[in-house]
Amino acid sequence: MALLRLDKYLADMQIGSRSEVKDLVRKGKVRINGLPAAKADMKINTDSDVVYVDGQPVGYVEMEYYILNKPAGVLSAARDKKAQTVLDLIEDKNRKDLFPVGRLDKDTEGLLLITNDGPLSHELLSPKKHVDKVYYARVQGHMAEREVKAFAEGLYIDEEFTALPSKLDILSYDEKSDTSTIHVTVHEGKFHQVKRMFESVNSEVLYLKRLSMGTLQLDESLKPGEYRNLTEDEVMQLKSRT
Ligand code: URA
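For clarity, every value in this text was computed on a predicted model and none was experimentally measured.

This paragraph deals with the overall build of the protein chain. Across its full length, the protein chain carries seven helices and 17 strands. Computed over its C-alpha atoms, the radius of gyration of the protein chain comes to 23 Å, more than 25% above the 18 Å expected for a compact globule of 242 residues. The principal-axis extents of the C-alpha atoms in the protein chain amount to approximately 70 × 35 × 35 Å. Expressed as a percentage of its 242 residues, the buried residues of the protein chain come to 45%. Sequence-distant contacts in the protein chain: of pairs separated by 6 or more residues, those separated by 24 or more amount to 65%. With an accessible surface of roughly 13400 Å², the protein chain has 49% of that area assigned to carbon and sulfur atoms. Measuring between centres, the 36 positive side-chain charges of the protein chain sit 7 Å from its 40 negative side-chain charges.

Looking at the largest pocket, its volume works out to about 510 Å³. Lining of the largest pocket is provided by 28 residues; of these, R103, L104, G189, K190 and F191 occupy positions nearest its centre. Taken together, the elements giving at least two residues each to the lining of the largest pocket come down to α4 (118–125), β10 (133–140), α6 (193–199) and β15 (205–213). Among the residues forming the lining of the largest pocket, the class breakdown is 12 nonpolar, eight polar and eight charged. When residues of the lining of the largest pocket are assigned to domains, at least three fall in each of domain 2 (65–126 + 215–240) and domain 3 (132–213).

All right, on to the packing of aromatic side chains then. Evaluated as defined, the whole model comprises four aromatic pairs. Where Y9 meets Y60, the ring centres are 4.9 Å apart and the plane angle is 35°; that geometry is what we call tilted. Of this pair, Y9 sits in helix α1 (residues 6–12) while Y60 is found in the loop between β6 (56–57) and β7 (65–70), placing the two residues 51 residues apart along the sequence. One residue, K190, lies across the ring of F161, its end atom 5.3 Å from the ring centre.

It is worth spelling out the sheet that holds strand β2 (residues 30–32) at this point. Remark on secondary structure: sheet strands pair via backbone hydrogen bonds, oriented parallel or antiparallel. Spatially, the four strands line up as an open sheet ordered β3-β2-β5-β6, and their pairing is antiparallel. What marks the edges here is a single partner per strand, and that holds for β3 (35–36) and β6. The pairing of strand β5 (residues 51–53) with β6 spans two bridges and is antiparallel. The partner of V53 across the bridge, within β6, is Q56.

Moving on: the nonpolar core. In terms of nonpolar packing, the biggest core is built from 31 residues, with I114, F151, I182, V184 and F198 touching the most fellow members. Split by domain, the residues of this core number at least three in each of domain 2 (65–126 + 215–240) and domain 3 (132–213). Counting 17 residues, the second-largest nonpolar core is a separate cluster that includes M13, V25, V30 and A40.

Within the structure shown, the criterion is met by 18 salt bridges. A salt bridge links R146 to E147, with the shortest nitrogen-to-oxygen separation between them at 3.2 Å. For R146, a relative accessible area of 65% puts it in the exposed group. Residue E147 is classed as buried on the basis of its relative accessible area of 5%. Among the ionic pairs, D219 bridges to R228, the shortest N-O distance being 2.9 Å. Overall, D219 belongs to the partly exposed group, its relative accessible area being 24%. Taking the relative accessible area as the measure of exposure, R228 reaches 22% and is therefore partly exposed. Each of the salt bridges in this network shares a partner with another, and the network as a whole consists of K8, D12, R95 and D97.

Cut-offs applied
Residues numbered from 1 in each chain as written. Predicted model: local features only at pLDDT ≥ 70, side-chain atom pairs only at ≥ 80, totals over all residues. Heavy atoms only, no water. Helix = DSSP H or I, 4+ residues; strand = E, 2+ residues; numbered from the N terminus. Rg over C-alpha atoms; globule rule 2.2 N^0.38 Å. Buried < 20%, exposed > 50% of the residue type's maximum accessible area, 1.4 Å probe, protein only. Contact = heavy atoms within 4.5 Å. Areas by Shrake-Rupley, 256 points an atom, 1.4 Å probe, with all protein chains shown as cover. Lys, Arg positive; Asp, Glu negative; His and termini not counted. Charge placed at Lys NZ, Arg CZ, Asp CG, Glu CD. 1 Å grid on protein atoms, 1.4 Å probe; cavity = no way out; pocket = protein on both sides within 12 Å on 5 of 7 lines; lining within 4 Å. Points joined across faces, edges and corners; volume = space filled by probe spheres on them. Nonpolar A, V, L, I, M, F, W, Y, C, P; charged D, E, K, R; others polar. Domains from an automatic or database assignment. Phe/Tyr/Trp six-rings, centres within 6.5 Å; stacked < 30°, edge-to-face > 60°. Lys NZ or Arg CZ within 6 Å of the ring centre and 35° of its normal. Pairing = 2+ DSSP bridges. Core = buried A, V, L, I, M, F, W, Y, C linked by side-chain atoms within 4.5 Å. Salt bridge = Lys/Arg side-chain N within 4 Å of Asp/Glu carboxyl O.

As structure tokens, then:
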């Protein structure tokens with residue numbers, strides 16, 4: 001059970017700013033348990049009080065968790081003045097304080113968790129927690145045992161960028177285009193992590209897609225741009241394994 005001020009309750013649910021909510025209350029448009037709300041700062045029990053605005057029920061959602069298959073071309077940010085962001089893709093969100101957990105480059109696709117759960121995000125991103133992230137990539141050149149070994153030993157790129165040991169699995173090699181497909185499992189999330197790792201073995205990432213983060217897996221039924229709520233099990237597993 002949580003007790004919340006009415007103006008925070010409605011602002012969290014994107015009904016309006018706190019001052020707009022005050023206005024709605026003054027105009028008698030907000031009803032609590034069938035009666036007009038007395039004041040914008042009155043306390044609401046989020047479990048038992050029934051809130052209506054303009055005749056529409058407004059339930060309170062404390063936490064939201066979405067898994068998005070991020071398409072290429074969309075920014076991993078909450079908002080941006082010009083570019084479309086991953087939050088713009090979540091059309092039926094309730095809360096206004098959602099954010100993506102970590103960033104994927106604009107041209108990267110795949111799993112992105114979107115939530116307002118700050119502590120969980122911290123657990124997933126903290127370098128100390130070593131949460132596995134698995135990527136699928138198509139890269140330039142013929143990846144072989146030499147690269148697998150280099151990745152397993154950890155990579156030194158320059159003073160600013162080193163990579164901890166990681167697991168490189170080679171899936172295929174196409175002689176015609178001289179490209180390889182791979183899975184790579186990393187425990188870090190530095191800027192351009194995977195791209196820089198391949199640069200260090202004189203290759204280049206041509207396509208990159210994140211498949212998993214900790215226990216959370218991208219289901220193939222989600223097409224790029226599609227999303228769904230996490231199941232309760234998925235949320236519980238993420239919280240317990242990190
Ligand atoms: N590594 C990258 O280089 N880019 C991403 O988007 C994610 C991991």
